[in-house]
Amino acid sequence: MEKLKNKYQRIIKDTLMSELQLKSVMQLPRLEKVVINAGIGDATQDAKFIEAAANEIMVITGQKPVLTKSKKAIATFKLRENQAIGVKVTLRGERMWNFIENLINVALPRVRDFKGLSNNAFDGHGNYSIGIKEQIIFTEVNYDDVKRVRGFDVTLVTSTSKDEHAHALLKAIGLPFAKQN
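Here the structure is a predicted model, which means the values were calculated and not measured.

### Thoughts on the sheet that holds strand S2 (residues 66–69)
So, point 1. Strands sit in the order S2-S3-S1-S5-S4 across an open sheet of five strands; the sheet is antiparallel. Each having just a single partner strand, S2 and strand S4 (128–132) make up the two edges of the open sheet. In this sheet, adjacent strand axes meet at a mean angle of 25° when their direction is disregarded.
So, point 2. Here S2 runs beside strand S3 (residues 84–91); their pairing, made up of four bridges, is antiparallel. Opposite Lys 69, over in S3, you have Ala 84 as the bridge partner.
So, point 3. Packed onto the sheet, helix H2 (residues 48–61) meets strand S1 (31–39), S2, S3 and strand S5 (152–158) and runs at close to 10° relative to S3.

Below is the structure:
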């Protein structure tokens, strides 16, 4: 079976060279990494929520997440300094392509009333962020084991600094963007 990376690189090359009017394949934008971040606000009350979220992210991505900790104490939120308040994973290579394929072909079609991804979620530097509201759209997550439905952020980091080039790249990969009026 052909590796996903090679499959997507061939699609990107064939589609984008003429569309972006590039002279060399070295100018093609690339998907460098995918960062998945989940902030767990409930972690101040019970540390088991962090464990549960870490296990769910690990099942979804196939990679062990890193705990993110608070930088300072905030008494109103009952938050102490260096307290674990989230998890994150950075995916590269074959795991990144497997996650993207799963996101496009399995998870996003399971979102209720899905009309496409926003065209305005670029950050001005060629990166695109998607907010996932429920982790249960991924088939890897066993619904019976979920203690609380929570969301997370997915950021697609590209090699280009132009949002137009990043949009063309992500569209060539197959992200289902909403139709522009």
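### Some thoughts on the nonpolar core
So, point 1. The biggest cluster of nonpolar side chains holds 49 residues, and the ones touching the most others in it are Phe 138, Leu 156 and Ile 173.
So, point 2. Residue assignment for this core shows that the elements contributing at least two residues are helix H1 (4–19), S1, H2, S3, helix H3 (93–107), S4, S5 and helix H4 (163–173).
So, point 3. When residues in this core are grouped by element, the largest group, seven residues, is from H3.
So, point 4. Ignoring anything within four residues of it in the chain, the contact list for Phe 138 reads Ile 60, Phe 99, Asn 102, Leu 103, Ala 107, Arg 110, Ile 132 and Phe 152.

Definitions and cut-offs
- Residues numbered from 1 in each chain as written.
- Predicted model: local features only at pLDDT ≥ 70, side-chain atom pairs only at ≥ 80, totals over all residues.
- Heavy atoms only, no water.
- Pairing = 2+ DSSP bridges.
- Helix = DSSP H or I, 4+ residues; strand = E, 2+ residues; numbered from the N terminus.
- Axes fitted to C-alpha atoms, helices over the stretch in contact; angles between N-to-C directions.
- Contact = heavy atoms within 4.5 Å.
- Core = buried A, V, L, I, M, F, W, Y, C linked by side-chain atoms within 4.5 Å.
- Buried < 20%, exposed > 50% of the residue type's maximum accessible area, 1.4 Å probe, protein only.

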